[in-house]
Amino acid sequence: MNLIKDFQEQTVEILDFQTTYLVVQLNNVSSRFDFKNKKEAFLKYKTKGTFRYYTHHPLLINHNESSHEVFINSKPEDAETFIADLRTSFHEITKGWRNFEDYIESKSEIFDSVFNKNIRKGSGKILTVPSSLLAETERICQKHHIKMTTFGGNKITQNELIMIDHQFVIAEQFVPSSM
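Residues numbered from 1 in each chain as written. Predicted model: local features only at pLDDT ≥ 70, side-chain atom pairs only at ≥ 80, totals over all residues. Heavy atoms only, no water.

## Let's talk about the overall build of the protein
Right, so step 1: On a plain count of helices and strands, the protein comes out with four helices and nine strands.
Right, so step 2: Going residue by residue from the N terminus, the α and β elements of the protein occur as β-β-β-β-α-β-α-α-β-α-β-β-β.
Right, so step 3: Taken along the three principal axes of its C-alpha coordinates, the protein extends 60 × 30 × 25 Å.
Right, so step 4: Here the protein, with 179 residues, has 41% of them falling under the buried criterion.
Right, so step 5: Surface exposure of the protein reaches about 10,000 Å², of which carbon and sulfur atoms provide 48%.
Right, so step 6: Within the protein, the 23 negative side-chain charges are centred at a point lying 3 Å from the centre of the 22 positive side-chain charges. (Helix = DSSP H or I, 4+ residues; strand = E, 2+ residues; numbered from the N terminus. Buried < 20%, exposed > 50% of the residue type's maximum accessible area, 1.4 Å probe, protein only. Areas by Shrake-Rupley, 256 points an atom, 1.4 Å probe, with all protein chains shown as cover. Lys, Arg positive; Asp, Glu negative; His and termini not counted. Charge placed at Lys NZ, Arg CZ, Asp CG, Glu CD.)

## Here we look at the sheet that holds strand β7 (residues 148-152)
Right, so step 1: On the basis of which strands lie adjacent, the open sheet formed by three strands has the order β6-β5-β7 and antiparallel pairing. Whereas interior strands pair on both sides, the edge strands pair on one side only; in this sheet they are β6 (124-130) and β7. Pairs of neighbouring strands in the sheet enclose a mean axial angle of 25°, with direction left out of account.
Right, so step 2: Here strand β5 (residues 67-72) runs beside β6; their pairing, made up of six bridges, is antiparallel. Within the sheet, the bridge partner assigned to Glu69 lies in β6 and is Thr128. (Pairing = 2+ DSSP bridges. Axes fitted to C-alpha atoms, helices over the stretch in contact; angles between N-to-C directions.)

## Here's the deal with the nonpolar core
Right, so step 1: Ranked by size, the top nonpolar core spans 22 residues in total, and within it Phe82 and Leu127 carry the most contacts.
Right, so step 2: Breaking this core down by element, the ones donating at least two residues are β5, α2 (79-94), α3 (109-121), β6 and α4 (131-143).
Right, so step 3: Element by element, the count of residues in this core is highest for α2, at five residues.
Right, so step 4: When sequence neighbours within four positions are dropped, the list of residues in contact with Leu127 reads His68, Glu69, Val70, Leu86, Phe90, Phe100, Tyr103, Ile104, Phe115 and Thr137.
Right, so step 5: Counting residues in each nonpolar core, the second largest holds 18 residues, with Phe7, Phe17, Tyr53 and Ile162 among its members. (Core = buried A, V, L, I, M, F, W, Y, C linked by side-chain atoms within 4.5 Å. Contact = heavy atoms within 4.5 Å.)

## Here we look at the pairing of strand β2 (residues 21-26)
Right, so step 1: Counting buried positions over the six residues of β2 gives five, a clear majority of the element.
Right, so step 2: Between the end of strand β1 (residues 11-17) and the start of β2, which pair antiparallel, lie three residues.
Right, so step 3: Pairing analysis gives six bridges linking β2 to strand β3 (residues 29-42), with the strands arranged antiparallel. Looking across to β3, one finds that Leu22 is bridged to Phe33.

This is the structure we're talking about:
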């Protein structure tokens with residue numbers, strides 16, 4: 001059996017995938033990786049691409065860090081600038097792999113209007129963010145003179161990421177298995 005690190009930066013072909021495994025071919029040899037406790041996946045196409053394995057990546061922060069609920073207790077002088085600052089900083093930290101809207105509880109129009117209403121009135125829950133985005137949220141709230149309260153833990157877990165070009169799987173572990 002091959003180790004997952006043997007595939008790093010190699011061009012592989014995706015031969016098959018299901019909800020619990022991925023089969024790739026490298027140098028005419030097929031290898032299967034079973035997903036232990038899969039967290040998230042975006043596999044759509046059987047294609048060739050560069051295989052990358054990560055234990056640290058912006059996609060992993062949602063799964064490796066604790067979530068924190070963010071409530072504000074005062075309103076910004078300029079709500080649009082405050083939201084734009086949050087959006088820009090989140091984009092920089094996640095390197096564009098996550099959308100700002102991913103951290104608003106629901107992407108529905110109803111919740112989006114509640115999000116905007118809570119910011120404009122300066123009261124209520126606005127976000128649920130992982131720890132690395134919490135520090136940035138605190139910085140931006142200070143910049144805009146907004147008081148905030150958070151609830152959440154400090155649990156760190158370790159998940160892994162396999163990417164083949166822009167397709168990916170996040171799981172606790174990828175286990176090589178026999179074909």
